[in-house]
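Letter by letter, the chains look like this.
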Amino acid sequence: MDLHDIEREVAALDAAYRPVATAPVDLSDPAAFTGMAARVEAELAALGVRERAEAAVRALVEAYAAGDGATRARIRGLFDRHGHFRWGAHLPRDWGTAAELRARLVHLSARDQGGDARDEILELQDLCERAARAGVDAGPVLDEVAAMSSDLDRYGMGSTREIILRHGRR
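Note that the coordinates shown come from a computational prediction; the quantities given were computed from them, not determined experimentally.

This part covers the pattern of salt bridges. If you walk through the whole model with that rule in mind, you get 14 salt bridges. The salt bridge partner of Glu7 is Arg81, with a shortest N-O separation of 3.8 Å. Highlighted residues: Glu7 in helix 1 (residues 3-21) and Arg81 in helix 4 (residues 69-81), separated in sequence by 74 residues. Using a relative accessible area of 52% as the deciding quantity, one classes Arg81 as exposed. Between Arg111 and Glu120 there is a salt bridge whose closest N-O contact spans 2.8 Å. As far as burial versus exposure is concerned, Arg111 and Glu120 are alike and both buried.

Printed below as a string of structure tokens:
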């Protein structure tokens, strides 16, 4: 699948995720947040697109890691334009190898801080903590992925490159 095909698939998946991503939440109801994560997960599963979305993320991760600066910028733009896809499409949560850590860090780099750099920092820290528990040396992977990451400070918290190097080493 070439990048044009992946872009079309991402646009279709973005549209599929939109109703779940934009569903209203009654903030005046204290019970609205009880079990919210499980409800959202069930709604996402009911869409029946998880395998397609994971395949698209994997294809983007591979293209991003193998690509030049222009390809990486194009993929970062794709994640930026398709926020519902960025929100709903992920690699499987369970992993335990350096290769799987690398895929998740490349995905994080390609999202280029998403809609909120703070969420990405928390994800980065979680990935590094999980790597340590799994006995995976995250240092070389962090260096490799930081080198392919954007150096644009999008939200005043540093560039994705700086965030990976600063917060991944904690």
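Having put the structure on the table, let's press on.
Okay, helix 9 (residues 160-167) next. Those residues of helix 9 that fall on the buried side of the exposure criterion are Thr160, Ile163, Ile164 and His167. Down the axis of helix 9, the buried set is contained in an arc of 100 degrees. They therefore lie on one face. Tucked inside the fold, the buried residues of helix 9 contact helix 6 (98-111), helix 7 (117-134) and helix 8 (138-148).

Below, the discussion takes up the packing of helix 7 against helix 9. As a packed pair, helix 7 and helix 9 sit with axes 10 Å apart at the nearest point and diverge in direction by 40 degrees. By the angle between their directions, the pair helix 7 and helix 9 is classed as oblique. Once helix 7 is placed against helix 9, the crossing between them reads as right-handed. Across the interface between the two elements, Ala117, Ile121, Leu124 and Gln125 from helix 7 touch Ile163, Ile164 and His167 from helix 9. Among the residues making up the contact of helix 7 with helix 9, the classes are represented as five nonpolar, two polar and no charged.

Counting 43 residues, the largest nonpolar core has Tyr17, Leu60, Phe85, Leu101, Leu105 and Leu124 as the members making the most contacts within it. For this core, the secondary-structure elements that each account for two or more residues are helix 1, helix 3 (50-66), helix 4, helix 6, helix 7, helix 8 and helix 9. At seven residues, helix 3 tops the list of elements feeding residues into this core. Dropping the residues within four chain positions of it, Leu60 is found in contact with Leu3, Ile6, Val10, Ile75, Leu78, Phe79 and Phe85.

This part takes up the environment of Tyr64. In this structure, Tyr64 sits in helix 3. Accessibility expressed as a relative area gives 0% for Tyr64, which makes it buried. Linking Tyr64 and His107, residues 43 residues apart in sequence, is a C-alpha distance of 8.5 Å. Setting aside residues no more than four positions away along its own chain, Tyr64 makes contact with Arg72, Ile75, Arg76, Val106, Ser109, Ala110, Met148, Ser149 and Ser150.

Looking now at unusual backbone geometry. Backbone geometry places Asp112, a non-glycine residue, at a positive phi of 50 degrees. Summarising the element assignment, Asp112 is placed in the loop between helix 6 and helix 7. By relative accessible area, which is 6% here, Asp112 ends up buried. The phi dihedral of Gln113 is positive, around 80 degrees, even though this residue is not glycine. Examined against the element boundaries, Gln113 turns out to sit in the loop between helix 6 and helix 7. By relative accessible area, Gln113 is classed as buried at 2%.

Cut-offs used in this document
- Residues numbered from 1 in each chain as written.
- Predicted model: local features only at pLDDT ≥ 70, side-chain atom pairs only at ≥ 80, totals over all residues.
- Heavy atoms only, no water.
- Salt bridge = Lys/Arg side-chain N within 4 Å of Asp/Glu carboxyl O.
- Helix = DSSP H or I, 4+ residues; strand = E, 2+ residues; numbered from the N terminus.
- Buried < 20%, exposed > 50% of the residue type's maximum accessible area, 1.4 Å probe, protein only.
- Arc of directions from axis to C-beta.
- Contact = heavy atoms within 4.5 Å.
- Axes fitted to C-alpha atoms, helices over the stretch in contact; angles between N-to-C directions.
- Parallel < 35°, antiparallel > 145°, perpendicular 65-115°, else oblique.
- Left-handed = near helix turned anticlockwise from the far one by under 90°.
- Nonpolar A, V, L, I, M, F, W, Y, C, P; charged D, E, K, R; others polar.
- Core = buried A, V, L, I, M, F, W, Y, C linked by side-chain atoms within 4.5 Å.

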